[in-house]
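Understanding the architecture of this molecule
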Amino acid sequence: MLPRRYHKLVRVLEQRQPDLTVLLESVHKPHNLAAILRTCDAVGVLEAFAVHHNPEEILPFFSGTALGSEKWVFLHALPDIDTAIGSLQQRGFRVYAAHLSERAIAYDSVDFTQPSAILLGAEKWGVSDRALELVDAQIAIPMVGMVQSLNVSVAAATILFEARRQRQAAGLYDRVRLEPETYRRLLFEWSYPKLAAQVRERGESYPPLGEDGEILV
Ligand SMILES: C[S@@+](CC[C@H](N)C(=O)[O-])C[C@H]1O[C@@H](n2cnc3c(N)ncnc32)[C@H](O)[C@@H]1O
């Protein structure tokens, strides 16, 4: 592990935002999924969630074998939309459905410095009626052109970068937001993925790291 690489991992983890996430409802085109996870990585989202009728279609994103920037954002599969929204709300997130409707408020009027989950709908069908019943609010990006909606990854990026803007202004990228234990664990797993897997298999705990990422024992 080169010190430069290690320090890059440290800087990235120091800015991860565990209380900002996306929930994808049947978003199934791999290029959209990859683009959304890439944006998640760019704004510091730690983990993302997906409800998918056929997870096999997008298996690489769940199995950790994806090779792109998405490997830095954990994607968790949840069985159904009730469970997904319910568990996020229980963890203190407000869930916002990105959905163009008369009930929707402007996406940039939301306070994204609070724990926020952005629900994005399927490419063809949008957010389901059931999800709309469960969310805390609906948010929309204004559209004044001929087409009715944005591509789902573009909508995700627009909203996530608004969240980033607000969080930057509030200083949320200036201090470590991860729990110390989570931070240490991820730093080891990102720095030494193969060794981390072996250590886990043996049921041992990770060794401490030195200033430049060297293993200390
Ligand atoms: C291509 S759109 C789906 C269009 C679908 N026909 C519908 O009626 O919702 C895919 C997803 O992108 C998001 N989206 C696209 N444009 C949006 C906008 N202007 N405001 C908020 N969300 C948007 C929504 O989450 C939507 O479910």
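Below: a short report on this structure.

What counts and how
Residues numbered from 1 in each chain as written. Predicted model: local features only at pLDDT ≥ 70, side-chain atom pairs only at ≥ 80, totals over all residues. Heavy atoms only, no water. Core = buried A, V, L, I, M, F, W, Y, C linked by side-chain atoms within 4.5 Å. Buried < 20%, exposed > 50% of the residue type's maximum accessible area, 1.4 Å probe, protein only. Helix = DSSP H or I, 4+ residues; strand = E, 2+ residues; numbered from the N terminus. Contact = heavy atoms within 4.5 Å. Salt bridge = Lys/Arg side-chain N within 4 Å of Asp/Glu carboxyl O. Phe/Tyr/Trp six-rings, centres within 6.5 Å; stacked < 30°, edge-to-face > 60°. Lys NZ or Arg CZ within 6 Å of the ring centre and 35° of its normal. Near = heavy atom within 4 Å. Polar contact = N/O pair within 3.5 Å; in protein donor to acceptor, adjacent residues only side chain to side chain. Areas by Shrake-Rupley, 256 points an atom, 1.4 Å probe, with all protein chains shown as cover. Nonpolar A, V, L, I, M, F, W, Y, C, P; charged D, E, K, R; others polar.

Ranked by size, the top nonpolar core spans 31 residues in total, and within it V22, I118 and L120 carry the most contacts. When contributions to this core are tallied by element, the ones reaching two or more residues are β1 (20-25), α2 (30-43), β2 (47-51), β4 (94-98), β6 (116-120), β7 (137-140) and α6 (152-169). It is α6 that provides the largest number of residues to this core, a total of six residues. The contact partners of L120, leaving out residues within four places of it in the chain, are V22, L23, L24, E25, V27, A98, V127, V152, A155 and A156. If you look at the next biggest cluster of nonpolar residues, it comprises 17 residues, including L23, L78, L88 and A117.

What follows concerns the pattern of salt bridges. Opposite charge on two side chains permits pairing when their charged atoms draw close. Here the structure, examined in full by the defined rule, presents eleven salt bridges. Here D41 makes a salt bridge to R16, at a shortest N to O gap of 2.5 Å. Note that D41 is positioned in helix α2 and R16 in the loop between α1 (3-14) and β1, a separation of 25 residues in sequence. By relative accessible area, D41 is classed as partly exposed at 21%. Between R130 and D82 there is a salt bridge, and its shortest N-O distance comes to 2.5 Å. With R130 in helix α5 (residues 129-134) and D82 in helix α4 (residues 81-90), the pair connects residues that are 48 residues apart, well separated along the chain.

Right, let's talk about the packing of aromatic side chains for a bit. Two aromatic rings are characterised by how far apart their centres lie and by the angle between their planes. As enumerated under the stated definition, the model contains four aromatic pairs in all. Taking 5.8 Å as the distance between ring centres and 75° as the angle between the ring planes, the aromatic pair formed by Y96 and F112 counts as edge-to-face. Here Y96, found in strand β4, pairs with F112, found in the loop between β5 (105-106) and β6; they are 16 residues apart in sequence, far enough to count as distant. F112 matches Y96 in its accessibility class, with the two residues each being buried. On the basis of an interplanar angle of 15° and a centroid distance of 4.6 Å, the ring pair of F188 and Y206 is categorised as stacked. On the criterion of sequence distance, the pair formed by F188 in helix α7 (residues 180-191) and Y206 in the segment after α8 (193-201) is long-range, its members being 18 residues apart. Exposure remark for Y206: the relative accessible area of 21% places this residue in the partly exposed category. One aromatic cluster in this structure is built from F188, Y192 and Y206. Between R164 and the ring centre of Y173, over which it is positioned, the NZ or CZ distance is 5.8 Å.

Attention now goes to the site of the ligand. The local shell around the ligand holds 18 residues, among which A98, G121, K124, I141 and L150 are the closest. Within the backbone of A98, an N or O atom sits 2.7 Å from an oxygen atom of the ligand. At 2.9 Å, a backbone N or O of I141 approaches a nitrogen atom of the ligand. In the complex, 81% of the free accessible area of the ligand, which totals 560 Å², lies under the protein chains. At the level of secondary structure, the elements contributing two or more residues to the shell around the ligand comprise β7 and α6. Per-class residue counts for the shell around the ligand are twelve nonpolar, four polar and two charged.

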